[in-house]
Amino acid sequence: MSDNQSWNSSGSEEDIEPREEPGHPIGIAEFSGYLSKWTNYIHGWQDRWVVLKNNTLSYYKSQDETEYGCRGSLCLSKAVITPHEFDECRLDMSVNDSVWYLRAQDPEHRHQWIESIELHKADSGYGSESSLRRHGSMLSLTSATSGYSATSTSSFKKGHSLREKLAEMETFRDILCRQVDTLQKYFDSCADAVSKDELQRDKIVEDDEDDFPNTRTDGEFLHNNNGSKEKSFQSLNPKEINGIDFKGEAITFKATTAGILATLSHCIDLMVKREDSWQKRLDKEMEKRRRIEESYKSALNELKKKSHFGGPDYEEGPNSLINEDEFFDAVEAALDRQDKIEEQSQTEKTRIQRSDAVSLGDAYSSSGTHRFSNKVEEMVQSHMTYSLQDVGGDANWQLVVEEGEMKVYRREVEENGIVLDPLKATHSVKGVTGHEVCHYFWDTAYRSDWETTIENFNVVETLSENAVIVYQTHKRVWPASQRDVLYLSAMRKIMASNENDPDTWLVCNFSVDHENALPTSRCVRAKINIAMICQTLVSPPDGDKEISRDNILCKITYVANVNPGGWAPASVLRAVAKREYPKFLKRFTSYVQEKTAGKPILF
């Protein structure tokens, strides 16, 4: 047993302090840096300061907040590191049910983190060399007695007699070490004295080769040379070497070793007596562990059978683990939650009354002179030509929703696996004009009042009085990725070719590019081509009465061609469109009726 190891006199593992031996440092150097951590489906990946130290992986919101305590930590002893199969920068850390999804800035940094974590794990286990040094002699004791019992060191804590005997052995050890040092000094002194004695004998023999020494009874050697010269030396006396009582030391040494043997014999007797109870306790714990493992496996199988959402592996993407039915259920549930939130906000919100003054100049009769004017004119003519055509014939329009005056049609179109189904809806609304409907649809000042799917939007550029470029992000519906769209929105009054044509207004929205709103990795950029065509039909009033809102009917034709991008399943996109478009039309037309009620008619 080395001097730097000692028995734990209290018998408690908690009292053992790690000790550093020369050339064998305890632990591995701290490793830290920024990693992106998956927080939740709303905030996604967030940069966090991660610290690897003392077999623990901890993270902080930033490096400046380390002094305030970590946000979370994982013990690496039982942690499982899983590099992602497709994402070269990602690694997942899991301990039982807790999973951390982490991303490094590049594959090289991920490799450094994995190596450092593995080094800390290797240094943390009881089987490592540094672990044996840190746990000291208590572990050595359990190893030495393993032949008598299979129990753990924690069982020693309950045996007070055994603890007392261990304390006695600690005392015996100290005494024995001091005695060994004393006896070693004695033996070294004896060896030095004997060497000096032999040298002295050799020198006398060389000086008096022809003379024969006479030995006196007192132990001196006399050499007579002409009766005038005499040399002598003393033999060794053990009691005169460093004042050591060899006999006393030997007796004490014998007594100490006898005490150690007796104490060890007592310890062995105690452990043998407790072996039966320890074995029963061990069997009981093993049976308990077996039942727990069976319960865990059963729960894990049940969990696999159910939908488990929340991690980045279940998001929309080419390698998503979520199947199409689960994707649809998650989207449906998220939309239901948004509807409830919107209903509550509409109930509690006090609307701010705005001035509804609308310019009636010739600005809405042309496309203007901005750089997109030719494109706007092309889109307007295309929609007026094709959007108002009948849904019958060879167009293959399928009626998917019919609610009163509202009908929604769809044509199934896919390109490279992406759903591009054109959608067409017709609706008739009493008491409003086409001008009023297009005004509230186009003017961004009223957008947030009726559009519930938008998270935020802003006007990137105003091209003319009737044309703007708008950037907007839509609320995320997990597990689908968040979408954004950049489009030009233009409002036009369509000039009648003859006096029998109805008063017609049009709003067209189509995707464009702009240097101030470039695509980002945060959202999937959708492409749109949408038109709302509103025709005002007036029935003559009775007698000399003035035209009222009871005599007005607005016929709305809404067409939408949307490329959502991304990897959302086709069935989910079609189901969402079937659900959301009718709701949007009813919500918007009801809003226009509410805004125009009791106000002068705007033709």
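That block above? That's the structure.
Residues numbered from 1 in each chain as written. Predicted model: local features only at pLDDT ≥ 70, side-chain atom pairs only at ≥ 80, totals over all residues. Heavy atoms only, no water.

Novice: Is there a simple way to think about the overall build of the protein chain in this case?
Specialist: Each helix and strand in the protein chain was counted, giving 9 helices and 21 strands. Restricting the contact set of the protein chain to residue pairs at least 6 apart, pairs at least 24 apart contribute 61%. In the form shown here, the protein chain has an accessible surface area of approximately 35,600 Å², with 49% of it arising from carbon and sulfur atoms. (Helix = DSSP H or I, 4+ residues; strand = E, 2+ residues; numbered from the N terminus. Contact = heavy atoms within 4.5 Å. Areas by Shrake-Rupley, 256 points an atom, 1.4 Å probe, with all protein chains shown as cover.)

Novice: How do you make sense of a nonpolar patch on the surface when you look at a structure like this?
Specialist: A cluster of nonpolar residues, V538, I547 and F603, forms a patch on the protein surface that exposes about 250 Å² of accessible area. Considering the arrangement of structural elements, one finds V538 in strand β20 (residues 527-538). (Patch = residues over 30% accessible without salt bridge, like charges linked within 9 Å, V, L, I, M, F, W, Y side chains within 5 Å. Salt bridge = Lys/Arg side-chain N within 4 Å of Asp/Glu carboxyl O.)

Novice: Before we go on, may I ask you to explain the nonpolar core in this structure?
Specialist: Burial of nonpolar side chains together is a common tendency in soluble globular proteins. Residues V437, F441, M532, Y558, F584 and F588 are the most contacted members of the largest nonpolar core, which totals 36 residues. For this core, the element with the highest residue contribution is helix α9 (residues 570-596), accounting for 6 residues. Setting aside anything within four residues of it in sequence, one finds Y558 in contact with L423, K424, A425, F441, I530, A531, M532, Y581, F584 and L585. (Core = buried A, V, L, I, M, F, W, Y, C linked by side-chain atoms within 4.5 Å. Buried < 20%, exposed > 50% of the residue type's maximum accessible area, 1.4 Å probe, protein only.)

Novice: Got a minute to help me understand the environment of L553 in this structure?
Specialist: Positionally, L553 belongs in strand β21 (residues 552-563). Sequence separation between L553 and S539 is 14 residues; the distance between their C-alpha atoms is 8.2 Å.

Novice: Even after reading the chapter, I still don't get the sheet that holds strand β3 (residues 56-60), so can you show me in this structure?
Specialist: Hydrogen bonding along the main chain pairs the strands of a sheet, whether they run parallel or antiparallel. Pairing in this open sheet of 7 strands is antiparallel, and the strands run β4-β3-β2-β1-β7-β6-β5 from one edge to the other. Sheet topology places β4 (72-75) and β5 (80-83) at the edges, where each strand pairs with a single neighbour. The sheet shows a mean angle of 35° between the axes of neighbouring strands, taken without regard to direction. Relative to β3, strand β2 (residues 44-53) is paired through 5 bridges, and the arrangement is antiparallel. Paired with W49 across the strands is Y60, a residue of β3. (Pairing = 2+ DSSP bridges. Axes fitted to C-alpha atoms, helices over the stretch in contact; angles between N-to-C directions.)

Novice: Where do I start with helix α6 (residues 373-386) in this structure?
Specialist: Two residues of an α-helix separated by three or four positions point the same way, owing to the 3.6 residues in each turn. The terminal C-alpha atoms of α6, which comprises 14 residues, lie 20 Å apart, in line with the 20 Å expected from a rise of 1.5 Å per residue. Among the residues of α6, those classed as buried are S373, V376, M379, V380 and H383. All buried residues of α6 project into a common sector of 125° when viewed along the axis, lining one side. Within α6, the exposed residues directed more than 90 degrees away from the buried face are N374 and Y386. (Expected span 1.5 Å × (residues − 1). Arc of directions from axis to C-beta.)

Novice: Honestly, the packing of helix α7 (residues 434-442) against α9 in this entry has me stumped. Any pointers?
Specialist: Two packed helices can be described by the angle between their axes and the distance between those axes. At a closest axis distance of 10 Å, the pairing of α7 and α9 adopts a crossing angle of 110°. Taken together, the axes of α7 and α9 lie roughly perpendicular to each other. As α7 runs across α9, the sense of the crossing is right-handed. In contact with E436, V437, Y440 and F441 of α7, α9 contributes F584, F588, Y591, V592, K595 and T596. (Parallel < 35°, antiparallel > 145°, perpendicular 65-115°, else oblique. Left-handed = near helix turned anticlockwise from the far one by under 90°.)

Novice: For this particular structure, what's the right way to read the pattern of salt bridges?
Specialist: A side chain with one charge may pair with a side chain of the opposite charge, provided their charged atoms come close. Under the definition given, this model contains 19 salt bridges. For E293, the salt bridge is made with R289, and the minimal N-O distance between the two is 3.2 Å. Of the two residues, E293 and R289 both sit in helix α4 (residues 246-305), 4 residues apart, roughly one turn of that helix. Members of the salt-bridge network, linked through shared partners, are E287, R290, R291 and E294.

Novice: Looking at this structure, I do not really get the packing of aromatic side chains. What am I missing?
Specialist: The description of two aromatic rings rests on the distance between their centres and on the angle between their planes. Under the counting rule described, the total for this entry stands at 14 aromatic pairs. For the pair F441 and Y558, a centre-to-centre distance of 6.4 Å together with 85° between the ring planes defines the contact as edge-to-face. Taken together, the residues span a long stretch of sequence, with F441 in helix α7 and Y558 in strand β21 at a distance of 117 residues. Ring centres of Y558 and F584 lie 5.3 Å apart, and the angle between their planes is 55°; on these two criteria the pair is classed as tilted. Remark: F584 occurs in helix α9 and Y558 occurs in strand β21; sequence separation between them is 26 residues. Exposure remark for F584: the relative accessible area of 9% places this residue in the buried category. One Lys or Arg, K37, reaches over the ring of Y59 and ends 4.8 Å from the middle of that ring. (Phe/Tyr/Trp six-rings, centres within 6.5 Å; stacked < 30°, edge-to-face > 60°. Lys NZ or Arg CZ within 6 Å of the ring centre and 35° of its normal.)

Novice: Would you mind showing me how to read the pairing of strand β1 (residues 31-40) here?
Specialist: Working note: regular strand, side chains alternate between the two faces of the sheet. Inspection of the sheet shows β1 paired to β2 by 9 bridges, in the antiparallel sense. Its bridge partner being in β2, K37 is matched across the sheet by Q46. Of the pairings in the sheet, the one linking β1 to strand β7 (residues 98-103) comprises 2 bridges and is antiparallel in character. Directly across from S36, in β7, lies its bridge partner R103.

Novice: Would you take a moment to explain unusual backbone geometry for this structure?
Specialist: Glycine aside, residues mostly have negative phi, and peptide bonds are mostly found in the trans state. Positive phi outside glycine occurs at N54, with the angle close to 50°. On the secondary structure map, N54 appears in the loop between β2 and β3. Look at N54 and you get exposed, because its relative accessible area is 63%. Backbone geometry places N55, a non-glycine residue, at a positive phi of 60°. Within the element layout of this structure, N55 appears in the loop between β2 and β3.

Novice: Where do I start with the state of the cysteines in this structure?
Specialist: Here, disulfide denotes a covalent bond that connects the sulfur atoms of two cysteines. Counting across every chain of the model gives 0 disulfides. Left unpaired, C534 is separated from the closest cysteine sulfur, that of C438, by 3.6 Å. (Disulfide = S-S within 2.5 Å.)

Novice: What's the story with the environment of R48 in this structure? I'm lost.
Specialist: Considering the arrangement of structural elements, one finds R48 in strand β2. A relative accessible area of 13% means that R48 is categorised as buried. Sequence spacing of R48 and G33 is 15 residues, and the spatial spacing of their C-alpha atoms is 8.4 Å. If near-sequence neighbours (up to four positions away) are discounted, R48 is found in contact with G33, Y34, L35, K37, T39, Y59, Y60 and K61.

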